[in-house]
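Breakdown of the fold
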Amino acid sequence: MNQMRWLNRSQPQTLFSAVLLCYFSAALLLLFGTRIDSQLARDVFEGIVSLFANDRTADDLGNSIVPPALTVLLGGAYVGGALGTSNERRWGHWLCTAAAIYAVLATLWWGASMNFQLGVILRLMFDGLLLVLLFHPISRSHRRVWFQ
């Protein structure tokens, strides 16, 4: 039986760096970003709900437990995806990719309302870097050959 590993140094440097960045992003998200990310999640959630409901319903749903839960789910997706990627599981790579894409889109949405201040730009750089590392040709070819 294979032992589960948190890091896999036999993977290419791009994929190994992506795993480290996922763990780092999850730690920052859960330690320092819960207030900011719950506001970000609330804004994105209210925006999506307002497309299908009236403004009062969007405000009521935006104040529910759903937006902070999205923050915790994003942190869990980072950790789960990094763990799956380290163990060369295809679902782990896709979970990392989905979390990174959500983070970039949510940060862009939030940044547009904040006029892209310095903090938003820095956050967008880290989220974008994760996507670049995951979609790098070396990472993709390693995933195609070795992941189950």
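Above this text you will find the structure in question.
Here the structure is a predicted model, which is why all the values come from computation and not from measurement.

Calculation notes
Residues numbered from 1 in each chain as written. Predicted model: local features only at pLDDT ≥ 70, side-chain atom pairs only at ≥ 80, totals over all residues. Heavy atoms only, no water. Helix = DSSP H or I, 4+ residues; strand = E, 2+ residues; numbered from the N terminus. Expected span 1.5 Å × (residues − 1). Buried < 20%, exposed > 50% of the residue type's maximum accessible area, 1.4 Å probe, protein only. Core = buried A, V, L, I, M, F, W, Y, C linked by side-chain atoms within 4.5 Å. Axes fitted to C-alpha atoms, helices over the stretch in contact; angles between N-to-C directions. Parallel < 35°, antiparallel > 145°, perpendicular 65-115°, else oblique. Contact = heavy atoms within 4.5 Å. Nonpolar A, V, L, I, M, F, W, Y, C, P; charged D, E, K, R; others polar. Disulfide = S-S within 2.5 Å.

Quick look at helix H1 (residues 13-31) now. Each α-helix turn comprises 3.6 residues. Residues three or four places apart therefore point the same way. Here H1 spans 27 Å end to end across 19 residues, near enough to the 27 Å set by a 1.5 Å rise per residue. Listed in full, the buried residues belonging to H1 are Thr14, Leu15, Phe16, Ala18, Val19, Leu21, Cys22, Tyr23, Ser25, Ala26 and Leu29.

Judged by nonpolar contacts, the single largest core of 21 residues is most densely connected at Cys22, Tyr78, Leu130 and Leu134. Residue assignment for this core shows that the elements contributing at least two residues are H1, helix H4 (66-86), helix H5 (90-113) and helix H6 (118-135).

It is worth spelling out the packing of H6 against helix H7 (residues 137-146) at this point. Running from amino to carboxyl end, H6 crosses H7 at an angle of 50°, the nearest separation of the two axes being 5 Å. Considered as vectors, H6 and H7 are oriented oblique to each other. Of the residues in H7, those in contact with Leu133, Leu134 and Phe135 of H6 are Pro137, Ser139 and Arg140. Residues of the contact of H6 with H7, tallied by class, amount to four nonpolar, one polar and one charged.

Note that Thr97 resides in helix H5. Beyond its immediate sequence surroundings of up to four residues, Thr97 is in contact with Leu131, Leu134 and Phe135.

Going through the model one piece at a time under the given rule, you end up with zero disulfides. The closest cysteine sulfur to the non-disulfide-bonded Cys22 is located on Cys96, 3.2 Å from its own sulfur.

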